[in-house]
Amino acid sequence: MNRGMTLSEKILAVKAGRTHVEPDDFLLVEVDLALANDITAPMAIEKFMEAGGTRVHDPDQIALVPDHFVPNKDIKSAEQVQILRKFVKSQGIRKFFEVGRAGIEHVMLPEEGIVKSGDLVVGADSHTCTYGALGAFATGVGSTDIAGVFLTGKAWLRVPKSISVRITGSFLPYVSGKDLILKLISILGTGGGNYKALEFSGPGIENISMEGRMTIANMAVESGAKVGLFPVDEVTVAYEKDRNIEAAGIGPDREASFCRTVELSLDELKPQVAYPHSPANGRDIDEAEKERIAVHQAVIGSCTNGRIEDLRAAADVLQGRKVHPEVRCLIIPGSQRVYAQALKEGLLETFIASECAVSTPTCGPCLGGHMGILGEGEIAVSTTNRNFVGRMGHKGSKVFLASPAVAAASAVAGRIIHPEHV
Amino acid sequence: MKVNGKAMVFGDNVNTDEIIPARYLNSSDPDELAQHLMEDICIGFGQRRNLKGSMIVAGENFGCGSSREHAPAAIQAAGITCVIAKSFARIFLRNSINIGLPVVELDEDFGFEEDDQIEVDLDTGRVTNLTQKKECSFRPYPPDLQEIITAGGWLEYVKEKKDTAISEYFQEIAQFIYKSENIRF
């Protein structure tokens, strides 16, 4: 009898038209969705043309989202998006989302029901793994891979081994998905998940919202992982029902085998802060608080933490308070829908009253693109996903990664602080 | 296929933001990107005259971070002939093979020093440090993977081989044994 399969293996088997797969198997898979953005799509389009491509295999299989340097920061980035516009027009690609109609790809695509449980998604963006929250096998690839999907509708993948991440308990106040994933990456290291799938399970996951799951799955890649997968459960079913989607009836076998198991208790988890210059440098906030780390900028947003729940957490802390005089606090809703919802709930008013700058959806400052670049010696506390050297600006700047609640509290205090201590 | 180069030594976890900072990604032109290679960790690297015909030798997890194919493309455009590392981040490795940049995983501590003259034989799986007169071996790429690199990348290979050969290629690569424990695409 064949061994039991993990959820990754189950999805990959379906998409490869096989009944069973094993780790290390090499597969040619049918792709449900291939996505690229304003940075990676121009290169994919160029490769497609160079390979003699004229018509894409299936225009409905492709989503292109200009989100990194938008609204365009300069002439060159405007020209990059022009390449996308010309391509989608000539190829009849409908899943193209302009500024004002969309937002950050990994926030808006699940929100619009464009990615679903059980899907196989490849994206020329490393944070494509976000959709693992929905129970989709979603992984980052390069532009040439996307050109390959344009040509053939398929991609090549090897079946990863899986690490089981078993979660128990429930979050303490002011603790969220961001803290869990920073903790996990500090355990695994930036290479600990390399070439592997992370599969989340355990009684604790029912206490994690879909938005929290997206934050967790989003940063799976910071451990090197190919995907961070949640099982399809009641939370998934409810999220998809709101989008008129019937959740995929797919789950791991009970006797699935894993190469490693990590256990995490939410009951004991404290807010985490990842020190420069690695997302794996996560430490309990108590330590950061003791060091009295002054910050110049707080950024709340991105594909990691730009969802409505994140903005609610920030507003909850900022309500009735003002941002420290020596801090700039940037709030970036992840999508037009998140923006509209925040407006409706009065969150934007709270932010403005607290003297935060509220921006239109963009990846902007997360990757040092625009809309909040750091100068030499400046320190940011940010809800984004990477704190590499020069990531948000000058190579002599520093980024501390944290949750929206911690970033908001730190913006008020002018230093990194537990939200309970503001 | 043999590639030669002078070693330029880097440490562990060299990430894609260091290889090519995102602020330059408003261009997809590899030659332009090459000008900014490694600039935040090594000032003036992209302007070095001796980049052409050199090799990068690095530690664990080279190329971690973003999926930007601009990273291996910039390395290739700079004329760097090969990247040798103890391990590669998944997407970087995949992108390198897809664009035909030779990458070699060598987990043995081979004691590379700056400017050592290195020769890599991709067919036989042999790395020779001509300066230190030392040799070590790695499992060579299977023939089809070597062909992709020789052809200049995945799409070029597809173009040359047409559809029938693609399925053969996939069967062939399924037998891919080179460090198969550690490589997942």
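The rules we used
Residues numbered from 1 in each chain as written. Chains lettered and ligands numbered in written order. Predicted model: local features only at pLDDT ≥ 70, side-chain atom pairs only at ≥ 80, totals over all residues. Helix = DSSP H or I, 4+ residues; strand = E, 2+ residues; numbered from the N terminus. Contact = placed C-beta atoms within 7 Å. Buried ≥ 20, exposed ≤ 12 C-beta atoms within 10 Å, placed from the backbone. Nonpolar A, V, L, I, M, F, W, Y, C, P; charged D, E, K, R; others polar. Pairing = 2+ DSSP bridges. Domains from an automatic or database assignment. Core = buried A, V, L, I, M, F, W, Y, C linked by C-beta atoms within 7 Å. Axes fitted to C-alpha atoms, helices over the stretch in contact; angles between N-to-C directions. Parallel < 35°, antiparallel > 145°, perpendicular 65-115°, else oblique. Left-handed = near helix turned anticlockwise from the far one by under 90°. Expected span 1.5 Å × (residues − 1).

Assigned secondary structure in chain A consists of 14 helices and 18 strands. Projected onto the principal axes, the alpha-carbon positions of chain A cover approximately 60 × 50 × 40 Å. Counting only contacts in chain A whose residues sit at least 6 apart along the sequence, the fraction spanning at least 24 positions is 77%.

Moving on, we get to the overall build of chain B. Scanning chain B from terminus to terminus reveals 6 helices and 7 strands. Each helix and strand of chain B, placed in order from N terminus to C terminus, yields the pattern β-α-α-β-α-β-α-β-β-β-β-α-α. The 185 residues of chain B split such that 48% are buried. Of the contacts made within chain B by residues no fewer than 6 positions apart, 67% connect residues no fewer than 24 positions apart.

All right, on to the interface of chain A and chain B then. Each partner contributes residues to the interface: chain A has 47 residues there, and chain B has 43 residues. When residues of the side of chain A that touches chain B are traced back to their parent elements, those giving at least two are β1 (26-30), α2 (41-50), α3 (75-91), α5 (143-152) and β7 (154-158) of chain A. Taken together, the residues of the side of chain A that touches chain B sort by class into 17 nonpolar, 17 polar and 13 charged.

All names here are of chain A. Reading across from one edge, β4-β3-β2-β5-β6 is the order of the 5 strands in this open sheet, with parallel pairing throughout. Lying at the two open borders of the sheet, with one neighbouring strand each, are β4 (95-96) and β6 (137-140). Here strand β2 (residues 33-37) runs beside strand β3 (residues 62-65); their pairing, made up of 4 bridges, is parallel. Residue Asn37 lies in a different strand from β3, and its bridge partner there is Val65.

Right, let's get into the domain arrangement of chain A. How big an interface is tends to be stated in terms of accessible area lost as the parts join. Residues and elements named next belong to chain A. We note that the domain assignment places domain 1 (7-265) and domain 2 (272-421) within chain A. Contributing elements (two or more residues each) for the side of domain 1 that touches domain 2: α4 (105-111), α6 (177-188) and α7 (210-218). Considering every element that reaches the side of domain 1 that touches domain 2, the biggest residue donor is α6, with 6 residues. For the side of domain 1 that touches domain 2, the class distribution of residues is 12 nonpolar, 13 polar and 9 charged.

This brings us to the nonpolar core. Counting residues in each nonpolar core, the largest one holds 191 residues, and the members touching the most others are A:Ala314 and B:Ala74. The residue makeup of this core includes at least three contributed by each of domain 1 (7-265) and domain 2 (272-421) of chain A.

Residue and element names in this part refer to chain A. The geometry of α6 relative to α7 is characterised by a closest axis approach of 8 Å and an angle of 25° between their N-to-C directions. For the element pair α6 / α7, the angle class is roughly parallel. Considering only the axes of α6 and α7, their crossing is right-handed. Counted together, Gly177, Lys178, Leu180 and Ile181 of α6 and Gly212, Arg213, Thr215 and Ile216 of α7 form the full contact between these two elements.

Turning next to the packing of α2(A) against α5(A). All names here are of chain A. Running from amino to carboxyl end, α2 crosses α5 at an angle of 50°, the nearest separation of the two axes being 8 Å. As the angle between them shows, α2 and α5 are arranged oblique. Considering only the axes of α2 and α5, their crossing is right-handed. Between α2 and α5, the contacting residues are Met43, Ala44, Lys47 and Phe48 on the first element and Ser143, Thr144, Ile146, Ala147, Phe150 and Leu151 on the second. Classifying every residue of the contact of α2 with α5 gives 7 nonpolar, 2 polar and 1 charged.

Here the focus is α7(A). All names here are of chain A. Burial of α7 is extensive: 8 of the 9 residues sit out of reach of the surface. Regarding α7, the residues found buried are Glu211, Gly212, Arg213, Met214, Thr215, Ile216, Ala217 and Asn218. Structurally, α7 contributes buried residues whose contacts are with α4, α6, β10 (227-229), α10 (302-305) and α11 (308-318).

Moving on to the pairing of β7(A). Residue and element names in this part refer to chain A. Burial of β7 is extensive: 5 of the 5 residues sit out of reach of the surface. Side chains Lys154, Trp156 and Arg158 of β7 all project onto a buried face; the interleaved residues Ala155 and Leu157 project onto the opposite face, where all are buried too. With 5 bridges connecting them, β1 and β7 associate as antiparallel partners. Note that in β7 the partner of Phe26 across the bridge is Arg158.

A separate point is unusual backbone geometry. Residues and elements named next belong to chain A. In the segment running from Val70 into Pro71, the intervening peptide bond is cis, with an omega of -20°. Structurally, Pro71 can be placed in the loop between β3 and α3. For Tyr195, which is not glycine, the phi dihedral falls at a positive 70°. Relative to the assigned elements, Tyr195 resides in the loop between α6 and β9 (196-201). For Asn244, which is not a glycine, the phi torsion comes out positive at approximately 55°. Tracing the chain through its elements places Asn244 in the loop between α8 (234-241) and β11 (260-265). Overall, Asn244 belongs to the exposed group, with 7 C-beta atoms counted inside 10 Å.

Let's shift gears to α6(A). Residues and elements named next belong to chain A. Taking 1.5 Å as the rise per residue, α6 with 12 residues should run 16 Å; its terminal C-alpha atoms sit 16 Å apart, in good agreement. Gly177, Lys178, Asp179, Leu180, Ile181, Leu182, Lys183, Leu184, Ile185, Ser186 and Leu188 are the residues of α6 that are buried. Within two residues after α6, Gly189 carries a phi angle of roughly 80°, on the positive side.

The next thing to look at is the sheet that holds strand β8 (residues 161-168) of chain A. Think of a sheet as strands paired side by side through backbone hydrogen bonds, with each pair either parallel or antiparallel. Residues and elements named next belong to chain A. Read across the open sheet, the 4 strands follow the order β10-β9-β8-β11; overall the sheet is parallel. Strands with a single pairing partner mark the edges of an open sheet, and in this sheet they are β10 and β11. The average angle at which neighbouring strand axes cross in this sheet is 20°, direction not considered. Along the sheet face, α6 touches β8 and β11 and points at about 140° away from the line of β11.

A word on the environment of A:Ala220. Residue and element names in this part refer to chain A. Along the chain, Ala220 falls in the loop between α7 and β10. In this structure the C-alpha to C-alpha distance between Ala220 and Ile293, which are 73 residues apart in sequence, comes to 27 Å. Dropping the residues within four chain positions of it, Ala220 is found in contact with Cys129, Gly132, Gly193, Leu198, Ala225, Val227 and Gly228.

Here we take up the pairing of strand β7 (residues 134-137) of chain B. The two faces of the sheet receive side chains in turn, since in a regular strand these alternate between them. Residues and elements named next belong to chain B. Summarising the sheet, strand β6 (residues 126-129) and β7 pair through 4 bridges and their orientation is antiparallel. Looking at the pairing, Arg126 lines up with Ser137 of β7. Hairpin geometry of β6 and β7 is characterised by an intervening segment of 4 residues between the two adjacent antiparallel strands and by a positive phi of about 50° at Lys133.

A few words now on the environment of B:Ala74. Residue and element names in this part refer to chain B. Within the secondary structure, Ala74 is located in helix α3 (residues 70-77). As for Ala74 and Asp29, which are separated by 45 residues in sequence, their C-alpha atoms are 8.5 Å apart. Leave out the neighbours within four places in its chain, and Ala74 touches Ile19, Ile20, Pro30, Leu33, Ala34 and Leu37.

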